[in-house]
Amino acid sequence: MIKEAVPVGVMLTLSMLVQSCLYDGIRDCSDYYNSLYIDNHWNLAPDADPEGMAAFFFKKDGSGVWRFDLVGKDGGQVRLPMGDYAFVTLNDDTAVQFEDTGSYESMFLSTASCALFPGATDSGGEEMSVRMISPEEETVMCPETIWYDSSPCVSLSLDRLSYVDISEGEKIRVSPFLILPAHPRSIVCKYHLVVTGVSNLEGVSRVSAAISGMAGQIKIDGLSRPCQGVTLPFPVKCSGGSGINGEFLTFGLTSDPSVRNILSLFVWLADGTRHCYEFDVTSQTTTADDPMDVWIRIDGLELPVSAENKGSFDVTVDKWNTIVINLGGS
């Protein structure tokens, strides 16, 4: 339930009523509104430049949620009933979906389902022929960058604001000027793929990639991830005559350490044949020095030589030739 702030013209009346509820104990102060200023600081994401930020205030008693969409990155003034809230701010210039926004504990971020090969022209037959990648997993879009900050408790009264500062070990801070500082940071990971030593790359007409076992959502309360994985398709390109490179954004790994990350590299040759190379890259994703900036490296991949006469092959009867490659301990 999204609620609107009280018009400015009635603030004088509200002020008189609030004085009564504070000092005479006659009324419930939660019936009356006050303003606070959200002050965004970008020291944790100095290059961020979102078009706007959404601020969510979840009433601690479960009676409602207030959402404010503020233009630009700096923040702004909002008005809501006095009381206790959980607070979340994140950029709203994104295709990432805000799900279950009725409470702080239930809200999570996710992305929409998508085709394994965006832009495929064979009505899905091509996609279905390689669903052996991870048949139990949904294929979804990679997320966009999300800048986020939160506080599990913000208390707004007539003359002061108090809040829990998570960055300071959940220290309680008080602002007599009704200013709520926020320090948004990126909660989306960047993954890089570098494949070197690729032979016969000149015969490739198209290349794509996907990785299984990734988190498909993230909760705003504690930034936890589900145990079930999803498959993320992402673009790659040939480079330098013997390399294939790409990068993508993700919510990160699942909470289940037993889930494997299988990288699938799809290669279309000029003669119409199609080849899928599978690599278990779990050892690289789980031991990365920086889990927010992960590099997957594969060295050495021998592709088939494309037939000289492209017209001699009937593409309509072709099947995917899947090759599983053991990376060992890499």
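Every value quoted in this text rests on a predicted model; they were computed, and no experiment measured them.

Asks: Explanation requested: the sheet that holds strand β7 (residues 108–110) in the structure shown.
Replies: Sheet strands associate in pairs through backbone hydrogen bonding, adopting either a parallel or an antiparallel arrangement. Taken in spatial order, the three strands of this open sheet run β6-β7-β15, and their pairing is antiparallel. With partners counted over all chains shown, the strands left at the sheet margins are β6 (97–99) and β15 (217–219), one partner each. Shown here is a sheet whose adjacent strand axes are inclined to one another by a mean of 25°, direction ignored. Bridging between β6 and β7 involves three bridges; their strand directions are antiparallel. Bridged to Phe98 within β7 is Leu109.

Asks: It is not clear to me how the side chain of Ser155 should be interpreted in this structure. Could you clarify?
Replies: In this structure, Ser155 sits in strand β8 (residues 147–156). Polar side-chain contacts of Ser155 include one of 2.6 Å to the side chain of Asp84. For Ser155, the residues in contact, after removing those within four places along its chain, are Gly83, Asp84, Arg160, Leu161 and Ser162.

Asks: Just to check I follow, could you spell out the pairing of strand β5 (residues 83–91) for this structure?
Replies: Consecutive residues of a regular strand have side chains that alternate between opposite faces of the sheet. Counting buried positions along β5 yields eight of nine residues, so the element is predominantly enclosed. For strand β2 (residues 52–59) and β5, the ladder comprises seven bridges, and the chain directions are antiparallel. Paired with Phe56 across the bridge in β5 is Val88. Pairing of β5 with β8, which is carried by seven bridges, proceeds in the antiparallel orientation. Within β8, the residue paired with Gly83 across the bridge is Leu156.

Asks: Teacher, can you tell me more about unusual backbone geometry here?
Replies: In most cases, non-glycine residues show a negative phi, while peptide bonds are predominantly trans. Here Asp100, not a glycine, exhibits a phi torsion of approximately 50°, which is positive. A residue is classified by how much of its surface remains accessible, and Asp100, at 47% relative accessible area, is partly exposed. Positive phi outside glycine occurs at Leu223, with the angle close to 55°. For Leu223, a relative accessible area of 17% translates into the label buried.

Asks: How do you make sense of the packing of aromatic side chains when you look at a structure like this?
Replies: To describe a pair of aromatic rings, you give the distance between the ring centres and the angle between the ring planes. For the structure shown, the criterion picks out 15 aromatic pairs. Arranged with centres 6.3 Å apart and planes meeting at 85°, the rings of Trp42 and Trp147 form a pair that is edge-to-face. Here Trp147 lies in strand β8 and Trp42 lies in the loop between β1 (33–40) and β2, a separation of 105 residues in the sequence. According to the relative accessible area criterion, Trp147 is buried, its value standing at 15%.

Definitions and cut-offs
Residues numbered from 1 in each chain as written. Predicted model: local features only at pLDDT ≥ 70, side-chain atom pairs only at ≥ 80, totals over all residues. Heavy atoms only, no water. Pairing = 2+ DSSP bridges. Helix = DSSP H or I, 4+ residues; strand = E, 2+ residues; numbered from the N terminus. Axes fitted to C-alpha atoms, helices over the stretch in contact; angles between N-to-C directions. Polar contact = N/O pair within 3.5 Å; in protein donor to acceptor, adjacent residues only side chain to side chain. Contact = heavy atoms within 4.5 Å. Buried < 20%, exposed > 50% of the residue type's maximum accessible area, 1.4 Å probe, protein only. Phe/Tyr/Trp six-rings, centres within 6.5 Å; stacked < 30°, edge-to-face > 60°.

Any link to function would need more than the numbers given here.
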